[in-house]
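Structural description and commentary
So the chains spell out like this:
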Amino acid sequence: MNKYKAISLFAGIGGICLGFKNAGVDIVFANDFDKNACITYRNNFNHGIIEGPIENIKTENIPDADMVLFGFPCTSFSIAGKRAGFEDEKSGHLFFEALRVIKAKKPRVFFLENVKNLVSHDSGNTFKVITDCLKKEGYYFRYKVLNSMEYGNVPQNRERIYMVGFKNKEECDRFYFPDPIPLTKTIKDIIKKEEKKDSKFYYENSKYYPMLKESMINKDSVYQLRRVYVRENKKGVCPTLTANMGTGGHNVPLVIDDFGIRKLTPRETLLLQGFPEDYKIPEKMANSHLYKQAGNSVTVTVIERIAKNIIKALNN
């Protein structure tokens with residue numbers, strides 16, 4: 001089997017990288033502008049990551065590779081964000097930075113992950129711009145919205161769009177997205193209710209505690225605190241983890257364990273994203289950064305299944 005090489009843009013803590021690495025791909029270049037995400041990344045990968053804005057990186061300083069992987073920041077297109085799209089000064093232009101790398105490196109494959117709202121944003125015009133640009137560069141592609149709890153065997157309700165493009169039409173024709181798989185992993189497999197966590201995760205002394213105690217009655221459910229009300233996830237899974245978990249404790253999903261009402265720990269949020277138990281969390285990093293990193297990341301198990309199918313298509 002051929003050993004393929006990949007460039008990873010907007011790599012974050014390495015969720016996409018880990019999925020492709022698990023599938024047998026070598027990551028030869030990674031970049032992200034978030035210094036804390038880069039610290040976590042370096043704790044888990046032997047290869048380095050270039051820290052800083054992608055706009056400052058010249059393509060001649062990026063090695064050639066078979067694949068370009070990217071999941072550019074989604075706040076410009078997310079329902080949870082401002083939905084400013086390409087007009088967003090902070091991140092709306094980042095697709096075109098990825099396109100700049102694709103133009104220069106001409107990889108056999110590109111891989112894109114983003115919020116499902118990317119397709120419908122601005123009445124479909126945003127997605128049309130993206131697909132037209134990629135077609136112009138000679139790529140054939142497929143895209144599909146996949147839910148992590150249906151395709152990654154993790155108990156998290158997380159819908160994301162995935163797009164895979166190939167320079168070779170026959171390779172694209174051979175590619176298919178993975179089929180749904182049974183959800184065998186439950187909240188109980190991740191939330192060890194008999195294990196007491198640090199007191200800072202519990203809500204007994206919070207002003208919200210009376211409301212939480214009245215509303216949270218199901219020990220097998222995951223809840224969300226929305227300042228003025230509490231919402232239970234009726235599907236028995238965790239609601240979508242988001243980056244704004246790092247902007248305040250009330251945004252972190254809540255559970256009931258044997259010791260009281262508490263929010264998920266950073267480790268638990270990573271497990272709900274399909275990261276392995278031994279994924280290293282940097283010492284002394286603030287939980288706010290860790291929550292943000294988990295919410296910003298991807299479901300590793302979904303990525304790995306897609307990556308394996310990409311390799312099958314390349315290997316015929």
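Just above, that's the structure.
Residues numbered from 1 in each chain as written. Predicted model: local features only at pLDDT ≥ 70, side-chain atom pairs only at ≥ 80, totals over all residues. Heavy atoms only, no water.

Some remarks on the overall build of the protein
Along the backbone of the protein there are 11 helices and 11 strands. Expressed as lengths along the three principal axes of its C-alpha atoms, the size of the protein is roughly 60 × 40 × 40 Å. For the protein, the exposed area adds up to about 14900 Å²; of that, 48% sits on carbon and sulfur atoms. Looking at charge distribution, the protein has the averaged site of its 49 positive side-chain charges lying 1 Å from that of its 37 negative ones. (Helix = DSSP H or I, 4+ residues; strand = E, 2+ residues; numbered from the N terminus. Areas by Shrake-Rupley, 256 points an atom, 1.4 Å probe, with all protein chains shown as cover. Lys, Arg positive; Asp, Glu negative; His and termini not counted. Charge placed at Lys NZ, Arg CZ, Asp CG, Glu CD.)

Quick notes on helix H1 (residues 15-22)
Side chains of residues three or four places apart in an α-helix project in the same direction, reflecting 3.6 residues per turn. H1 sits mainly inside the fold: six of its eight residues count as buried. When H1 is considered as a whole, its buried residues turn out to be Gly 15, Ile 16, Cys 17, Leu 18, Gly 19 and Phe 20. Elements in contact with the buried residues of H1: strand E1 (5-9), strand E2 (26-32), helix H2 (35-42), strand E4 (67-70), strand E5 (109-115) and helix H11 (300-315). With its phi angle positive at about 105°, Gly 24 sits one or two positions after the end of H1. (Buried < 20%, exposed > 50% of the residue type's maximum accessible area, 1.4 Å probe, protein only. Contact = heavy atoms within 4.5 Å.)

Some points on unusual backbone geometry
Working note: non-glycine residues mostly have negative phi, and peptide bonds are mostly trans. Phi is positive for Lys 284, close to 70°, though the residue is something other than glycine. Here Lys 284 is to be found in the loop between helix H9 (266-271) and helix H10 (287-296). For Lys 284, a relative accessible area of 87% puts it in the exposed group. We note that Asn 316 has phi near 55°; this positive angle belongs to a residue other than glycine. Locating Asn 316 in the fold gives a position in the segment after H11.

Things to note about the side chain of Asp 32
For Asp 32, the location among the structural elements is in strand E2. No salt bridge forms around the buried Asp 32; measuring N to O, its nearest opposite-charge neighbour Lys 292 is 8.4 Å away. In terms of polar contacts, Asp 32 uses its side chain to reach the backbone amide nitrogen of Asp 34, at 2.9 Å. Non-local contacts of Asp 32, meaning those with residues more than four positions away in its chain, are made with Phe 10, Ala 11, Gly 12, Ala 37, Cys 38, Ile 49, Ile 50, Glu 51 and Gly 52. (Salt bridge = Lys/Arg side-chain N within 4 Å of Asp/Glu carboxyl O. Polar contact = N/O pair within 3.5 Å; in protein donor to acceptor, adjacent residues only side chain to side chain.)

Brief notes about the packing of aromatic side chains
Inspection of the entire model under this criterion finds 12 aromatic pairs. Seen from their ring centres, Phe 127 and Tyr 143 are 4.8 Å apart, and the 75° between their planes marks the pair as edge-to-face. Of this pair, Phe 127 sits in helix H4 (residues 125-136) while Tyr 143 sits in strand E6 (residues 140-147), placing them 16 residues apart in sequence. Members of the aromatic cluster, joined through ring pairs, are Phe 70, Phe 72, Phe 95 and Phe 96. (Phe/Tyr/Trp six-rings, centres within 6.5 Å; stacked < 30°, edge-to-face > 60°.)

Quick word on H10
Considered for burial, the residues of H10 that qualify are Leu 290, Tyr 291, Gln 293, Ala 294 and Gly 295. Check the buried side of H10 and you find it contacts H2, strand E11 (260-263) and H9.

With respect to the packing of H1 against H11
Their axes nearest at 7 Å, the elements H1 and H11 cross at an angle of 45°. The angle between H1 and H11 falls in the class oblique. As H1 packs across H11, the resulting crossing turns out to be right-handed. In contact with Gly 15, Ile 16, Leu 18, Gly 19, Phe 20 and Asn 22 of H1, H11 contributes Val 300, Ile 303, Glu 304, Ala 307 and Ile 310. (Axes fitted to C-alpha atoms, helices over the stretch in contact; angles between N-to-C directions. Parallel < 35°, antiparallel > 145°, perpendicular 65-115°, else oblique. Left-handed = near helix turned anticlockwise from the far one by under 90°.)

Section: the sheet that holds E2
Pairing is mixed across the open sheet formed by seven strands, whose spatial order is E3-E2-E1-E4-E5-E7-E6. Both outer strands of the open sheet, strand E3 (50-51) and E6, are each paired with one neighbouring strand and no more. Bridge count between E6 and strand E7 (residues 159-166): eight bridges; the pairing is antiparallel. Counterpart to Val 145 in the pairing with E7 is Ile 161. In the packing of H11 onto the sheet, contacts are made with E4, E5, E6 and E7, and the angle to E7 comes to roughly 15°. (Pairing = 2+ DSSP bridges.)

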